[in-house]
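Observations on chain architecture
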Amino acid sequence: MSGKNSRNSDRGSSNSGYQGGNTVLTYIVGGIIAWGLIGWGLDYLLNTRWLFIVGALLGAGGGYYLARKHNLTRSAKRRHGDGQGNNI
């Protein structure tokens, strides 16, 4: 029984990087879609053609900013130090 629990705990630690990567990707793609749609709507209302691109770029930048703000783009070693009291 205890062997089964140790395998589950090991699997959770190896999936944390994968899950963080998915979260970063979701932030960036979500930002592109949301702000791209806002730019597209403004393009339609103002009869322009460039606000969609600006909105999509702002969305990508905003998604990356949120991922950095939530410490999702750094490695676990850099977030928590090297385990010896040294915060790298």
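Within any chain, residue numbers begin from 1 and follow the written order of that chain's sequence. At least 70 in pLDDT is required for a residue's local features to be given in this predicted model, at least 80 for side-chain atom pairs to be given and counted, and no such filter applies to totals for whole chains, interfaces and linings, which use all residues. Hydrogens and water are ignored here; the side-chain numbers use all heavy atoms of the structure.

What about a nonpolar patch on the surface?
- Patches in this entry comprise residues that are over 30% relatively accessible and not in a salt bridge; like charges within 9 Å are linked, as are nonpolar side chains (Val, Leu, Ile, Met, Phe, Trp, Tyr) within 5 Å. Per-residue accessibility takes into account occlusion by the displayed protein chains alone, with areas from the Shrake-Rupley method and a 1.4 Å probe. The working definition used for a salt bridge is a side-chain nitrogen of Lys or Arg within 4 Å of a carboxyl oxygen of Asp or Glu. A cluster of nonpolar residues, Leu25, Val29, Ile33, Leu37, Trp40, Phe52, Ile53 and Leu57, forms a patch on the protein surface that exposes about 830 Å² of accessible area.
- Put simply, DSSP H or I for four residues or longer makes a helix, DSSP E for two residues or longer makes a strand, and each gets a number counted from the N terminus. When contributions to the nonpolar patch are tallied by element, the ones reaching two or more residues are helix H1 (2-46) and helix H2 (51-69).
- By the element assignment, isoleucine 33 lies in helix H1.

Points about the packing of aromatic side chains
- The criterion for an aromatic pair is that two Phe, Tyr or Trp rings (for Trp, the six-membered ring) have centres within 6.5 Å, with stacked assigned to planes under 30 degrees apart, edge-to-face to planes over 60 apart and tilted to the rest. Applying the stated criterion to the full structure yields one aromatic pair.
- Aromatic side chains tryptophan 40 and tyrosine 44 sit 6.3 Å apart centroid to centroid with 20 degrees between the ring planes, which places their arrangement in the stacked category. You can see tryptophan 40 and its partner tyrosine 44 sitting in helix H1, four residues apart, about one turn around the helix. Grouping residues by exposure puts tryptophan 40 and tyrosine 44 together as exposed. Under the scheme applied here, a residue whose accessible area is under 20% of the maximum for its type counts as buried, over 50% as exposed, and between as partly exposed, the area being computed with a 1.4 Å probe on protein chains only.

Some remarks on unusual backbone geometry
- Phi angles above zero are rare outside glycine, and asparagine 47 is one such case at about 55 degrees.
- In this structure, asparagine 47 sits in the loop between H1 and H2.

What to know about the confidence of the model for the protein chain
- For the protein chain, mean pLDDT is 80; residues scoring 70 or higher make up 67% of the total.
- Per residue, pLDDT captures the predictor's confidence, and it can take any value from 0 to 100. Averaged pLDDT values for the elements of the protein chain fall to 56 in helix H3 (residues 76-80) and rise to 95 in H2.
- Every residue pair with non-hydrogen atoms within 4.5 Å of one another is taken to be in contact. Note on residues 6-10: pLDDT under 50 across the span, and zero contacts to partners over four residues away in sequence or across chains.

Some remarks on the side chain of aspartate 43
- Assignment of secondary structure puts aspartate 43 in helix H1.
- The charge count includes Lys and Arg as positive and Asp and Glu as negative, but it does not include His or the ends of the chains. The buried charged residue aspartate 43 lacks any salt bridge, with arginine 49 as its nearest oppositely charged partner at 7.6 Å.
- For aspartate 43, the contacting residues outside a window of four places in its chain are Thr48, Arg49, Trp50, Leu51 and Phe52.

Some points on the environment of leucine 66
- With respect to the helices and strands, the residue leucine 66 is situated in helix H2.
- Separated by 42 residues in the primary sequence, leucine 66 and valine 24 have C-alpha atoms spaced 8.4 Å apart.

Remarks on H2
- A helix is expected to span 1.5 Å for every residue after the first. A rise of 1.5 Å per residue sets the reference length of H2, with its 19 residues, at 27 Å; its end C-alpha atoms lie 26 Å apart and thus fit the reference within 8%.
- When H2 is considered as a whole, its buried residues turn out to be Leu51, Gly55, Ala56, Gly59, Gly63 and Ala67. Angular distribution of buried residues about the axis of H2 spans 140 degrees; they occupy a single face of the element. Along H2, exposed side chains directed more than 90 degrees from the buried face belong to Leu57, Leu58, Tyr65 and Lys69.
- Following H2 by one or two positions, asparagine 71 adopts a phi angle in the positive range, close to 60 degrees. The directions from the helix axis to the C-beta atoms form the arc being described.

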